[in-house]
2 protein chains.
Amino acid sequence: MPQLPSARPRGPKPHRVDADQLLDAAQEIFSREGLRGASLRAIARQAGCDPALIYYHFDSKEAMFTALLERRFPPLIEDLRRVSDPGDRRPTPLRLWDVMCIYHTRLSHNPGIRSLVRGEIVRGTEGIQELIQNQVGGAALQVKAILEQGIARGEVRQDLDPLLSTFFLVKLHLEILDVLPVVASRLLGVPPGAAVAEGERAWMQLFWRGIAADPTAPVPSLPDLEP
Amino acid sequence: MPQLPSARPRGPKPHRVDADQLLDAAQEIFSREGLRGASLRAIARQAGCDPALIYYHFDSKEAMFTALLERRFPPLIEDLRRVSDPGDRRPTPLRLWDVMCIYHTRLSHNPGIRSLVRGEIVRGTEGIQELIQNQVGGAALQVKAILEQGIARGEVRQDLDPLLSTFFLVKLHLEILDVLPVVASRLLGVPPGAAVAEGERAWMQLFWRGIAADPTAPVPSLPDLEP
DNA sequence: CCCATGATTCAACAACTGTTGAATTAGGTG
DNA sequence: CACCTAATTCAACAGTTGTTGAATCATGGG
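Counting restarts for each chain: residues are numbered from 1 in the order of the written sequence. Chain A is the first chain written and ligand 1 is the first ligand written, with later ones labelled in order. Local features are withheld for residues below a pLDDT of 70 in this predicted model, meaning they are given only at 70 or higher, and side-chain atom pairs are given and counted only at 80 or more; totals for whole chains, interfaces and linings count all residues. Side-chain metrics in this entry use all non-hydrogen atoms of the structure; hydrogen atoms and water are not considered.

1. Quick word on helix 11 (residues 192-211) of chain B
Residue pairs spaced three or four apart in an α-helix point in one direction, given the helix's 3.6 residues per turn.
No. 1: By definition, any uninterrupted DSSP run of H or I lasting at least four residues is a helix, any uninterrupted run of E lasting at least two residues is a strand, and each is numbered from the N terminus. Multiplying 1.5 Å by the helix residue count minus one yields the expected span of that helix. Counted at 1.5 Å a residue, the expected span for helix 11 of chain B with its 20 residues is 28 Å, and the 28 Å between its end C-alpha atoms agrees.
No. 2: Type-normalised accessible area, obtained with a 1.4 Å probe on protein chains alone, sets the label of each residue: buried when under 20%, exposed when over 50%, and partly exposed for intermediate values. For helix 11 of chain B, the set of buried residues is A195(B), V196(B), G199(B), E200(B), W203(B), M204(B), L206(B), F207(B), W208(B), R209(B), G210(B) and I211(B).
No. 3: Packed against the buried residues of helix 11 of chain B are helix 9 (162-178) and helix 11 (192-211) of chain A together with helix 6 (92-107), helix 8 (128-152), helix 9 (162-178) and helix 10 (180-188) of chain B. A contact between two residues is defined here by any heavy atoms of the two lying within 4.5 Å.

Encoded structure:
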């Protein structure tokens, strides 16, 4: 008995939906709904395909989430490596400001995913811990190296714990990127974009005063962040 | 036709499951599974009742979550009010350290809920924004007042933005409480509790150096935090 | 004792979920 | 043209979800 023509033909399509497009859709839906709230049906709708196609590219929902995380970090670490090169002889505050610029450029979007990841870190979710520690740890080591070089050059306090200070610098910067825009209009009475720029500059200056070997040395003039 | 005896008799029980007990269970399940991942059936199991009882006390799952948030903040604000009283003439760093002690005491548990709340803030979830801003804003104003008094007394830099600095102080402290324990063993090679204590002390000292009017003034000796 | 009220469970609803095996198709190769 | 492979959809599975109306019960008051 001949089958009725199907609503949408099966088989490969001229405009393929590849793994990257699925991950683009995943990023948007995970960001908006969270890990548990995001459904594969919603991700498939966003990508314009059937949910079953997701299983062609990924083993499971969790595998897809892991793949999403894995494709995010490398450019950040490579950018940071350039700044942490000991051959960079600029004053430490300018190098740290570059670090902030890199984080701003690379991470000033998709706070939803980062909140999600942070939530999973706090929750102690296995599997993700390993992945994130490998990635974040790599970035942290670059920033730590800059602080260690600053100590060696006499610009940064000898009693500083470079790793802990790296945690402070990066973590508060992420709060400025993720949370400050949302509370800016209520708390500070300024638009979100201006709040982030102001917050980053203020944080850099406070942080530098907190770690500088010479407490009376002025903070160098900081160039504007790229938009 | 007489009905079979039910598995569990209906009607009021000697040991009642009241709204607070439901919220206790909710806090545990929301903390562990997140807002979307937490189910009313899991909350009811934790409380030892039927899921339908939740609807006797709350209009919906979302209403329950809102009620959970509403019952958390007040003691924090009251504690902070005592420290921000202008009658407190102690040096500003000791008052700010008290603030840190208060946050430590009141918030050093249930990072899961706070991550969840932070995620909803970042996501821009309506309804929750208003509630959280009212609560968090109240606490922030107390801390801001201490900074303003410090400026007036000449202990804190005149060019400081008190509200932004309050955001810095509190936000990084929450990261120390929530995230530092999780990454401590991998990143710092110390147990989580020690990492938090060390992190809080280091942050207080860095923050003070960053905001002090006299950059050469030493940070006063800080008493130990309560366990 | 009777009745009312508030507090509980039961059972069901409609909808959704992650996942899978099979059917179908597009395109490339020999 | 035939065949193969990879890529797609379909339909279904078993389970879960938030929510609700009705049945049942404990307790207290008249």
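2. Structural notes on the relation of the copies chain B and chain A
No. 1: Superposition of the copies was done by least squares, using only C-alpha atoms of residues whose pLDDT is at least 70 in both. When chain B is fitted to chain A, the residual RMSD is 0.1 Å, and the transformation amounts to a turn of 180° plus an axial shift of 0.0 Å. The transformation just described matches what one would write down for a two-fold rotation axis. In terms of proximity to the rotation axis, the leading residue of chain B is G210(B), whose C-alpha is 2.3 Å off the axis.

3. Thoughts on the packing of aromatic side chains
No. 1: The aromatic pairing rule takes the rings of Phe, Tyr and Trp, using the six-membered ring of Trp, and pairs them if the centres are within 6.5 Å, calling planes under 30 degrees apart stacked, those over 60 edge-to-face and the rest tilted. The final tally for this structure, using the stated rule, is 9 aromatic pairs over all chains.
No. 2: Centroid distance F167(B) to F168(B): 6.4 Å. Interplanar angle 65°. Geometry classified as edge-to-face. Side by side, F167(B) and F168(B) carry an identical accessibility label, which is buried.
No. 3: Grouping aromatic residues by their ring pairs yields a cluster made of F167(A), F168(A), W203(A), F207(A), F167(B), F168(B), W203(B) and F207(B).

4. A look at the interface of chain B and chain A
No. 1: Taken together, the contacts link 48 residues of chain B with 48 residues of chain A.
No. 2: Between chain B and chain A, roughly 4,600 Å² of surface is buried when both sides are summed, and carbon and sulfur atoms account for 67% of that area.
No. 3: Any carboxyl oxygen of Asp or Glu that lies within 4 Å of a side-chain nitrogen of Lys or Arg is treated as forming a salt bridge with it. For the pair chain B and chain A, the interface holds 8 salt bridges.
No. 4: For R118(A), the salt bridge identified is with D178(B), shortest N-O distance 3.4 Å.
No. 5: Residues adjacent in sequence count toward polar contacts only when both atoms are side-chain atoms; beyond that, a polar contact is any pair of N or O atoms within 3.5 Å, and within protein one must be able to donate a hydrogen and the other to accept it. Along the contact surface separating chain B from chain A lie 14 residue pairs in polar contact (both at pLDDT 80 or more).
No. 6: Looking at the side of chain B that touches chain A, the elements that each hand over two or more residues are helix 1 (19-37), helix 7 (111-123), helix 8, helix 9, helix 10 and helix 11 of chain B.
No. 7: Residues are grouped as follows: nonpolar covers Ala, Val, Leu, Ile, Met, Phe, Trp, Tyr, Cys and Pro; charged covers Asp, Glu, Lys and Arg; every other residue, Gly included, is treated as polar. Tallied by class, the residues present in the side of chain B that touches chain A amount to 22 nonpolar, 12 polar and 14 charged. What gets called buried area is simply the loss in accessible area from a 1.4 Å probe that two parts show on being joined, summed for both.

5. Here we look at the domain arrangement of chain A
Interface size, as often reported, equals the accessible area lost upon joining of the parts.
All names here are of chain A.
No. 1: All the domain ranges listed were derived from an automatic or database domain assignment. Domain annotation for chain A reports domain 1 (19-68) and domain 2 (74-211).
No. 2: Its C-alpha centre places domain 1 at a distance of 29 Å from the equivalent point of domain 2.
No. 3: Domain 1 puts 8 residues into the contact, and the matching count from domain 2 is 7 residues.
No. 4: Of the roughly 700 Å² buried at the junction of domain 1 and domain 2 (both faces included), carbon and sulfur atoms supply 66%.
No. 5: The largest per-residue losses of area from domain 1 upon contact with domain 2 belong to Q27, S31 and F65, which jointly make up 55% of the total buried on that side.
No. 6: There are 0 salt bridges connecting domain 1 and domain 2.

6. Some words on the protein's contact with DNA strand D
No. 1: Around DNA strand D lies a shell of 29 residues, among which D50(A), Y56(A), P12(B), R41(B) and Y55(B) are the nearest.
No. 2: To be near a molecule or strand, a residue needs just one of its heavy atoms within 4 Å of it. Sugar plus phosphate, as a fraction of atoms of DNA strand D within 4 Å of the protein: 64%.
No. 3: In the model, a phosphate oxygen of DNA strand D is placed 3.2 Å from a nitrogen or oxygen of the V17(A) main chain.
No. 4: Within the backbone of K61(B), a nitrogen or oxygen atom sits 2.8 Å from a phosphate oxygen of DNA strand D.
No. 5: Of all elements in the fold, only helix 3 (51-57) of chain A together with helix 2 (40-47) and helix 3 (51-57) of chain B reach the threshold of two or more residues within the surface near DNA strand D.
No. 6: In terms of residue class, the surface near DNA strand D is built from 14 nonpolar, 6 polar and 9 charged.

7. Overview of unusual backbone geometry
Working note: non-glycine residues mostly have negative phi, and peptide bonds are mostly trans.
No. 1: Here N110(A), not a glycine, exhibits a phi torsion of approximately 60°, which is positive.
No. 2: Mapping N110(A) onto the fold places it in the loop between helix 6 (92-107) and helix 7 (111-123).

8. Concerning the nonpolar core
No. 1: Of all hydrophobic cores here, the largest spans 144 residues; its most connected members are F30(A), W203(A), F30(B) and W203(B).
No. 2: Sequence-distant contacts of W203(B), defined by excluding residues within four places in its chain, comprise F168(A), L172(A), W203(A), M100(B), F168(B), L169(B), L172(B), H173(B) and I176(B). By convention a nonpolar core is built from buried Ala, Val, Leu, Ile, Met, Phe, Trp, Tyr and Cys residues, the set being connected through side-chain atoms within 4.5 Å.

9. A look at the protein's contact with DNA strand C
No. 1: Of all residues adjacent to DNA strand C, which total 30 residues, the nearest are P12(A), R41(A), Y55(A), P12(B) and Y56(B).
No. 2: In this structure, P12(A) approaches DNA strand C through a main-chain N or O atom, which is 2.8 Å from a sugar or linking oxygen.
No. 3: Between a base oxygen of DNA strand C and a main-chain N or O atom of G11(B), the distance comes to 3.0 Å.
No. 4: Of all the elements, helix 3 of chain B adds the most residues to the surface near DNA strand C, at 4 residues.
No. 5: By residue class, the composition of the surface near DNA strand C is 15 nonpolar, 6 polar and 9 charged.

10. Looking at empty space enclosed by the protein
No. 1: In this analysis, the protein atoms alone were mapped onto a 1 Å grid. Cavities are point sets where a 1.4 Å probe fits without being able to get out; pockets are open sets with protein on both sides within 12 Å along at least five of seven lines; lining residues have an atom within 4 Å of a point. Grid points are joined across faces, edges and corners, and a volume is the space filled by probe spheres set on the points. With the rule as written, the count across this model stands at 5 cavities of 30 Å³ or more.
No. 2: Counted as a void, the second largest cavity has a volume near 250 Å³.
No. 3: In terms of lining residues, the second largest cavity is bounded by 20 residues, among which G34(A), R123(A), G34(B), L35(B) and R123(B) are the most central.
No. 4: Contributing elements (two or more residues each) for the lining of the second largest cavity: helix 1 (19-37) and helix 7 of chain A together with helix 1 and helix 7 of chain B.
No. 5: Classifying every residue of the lining of the second largest cavity by side-chain character gives 4 nonpolar, 8 polar and 8 charged.

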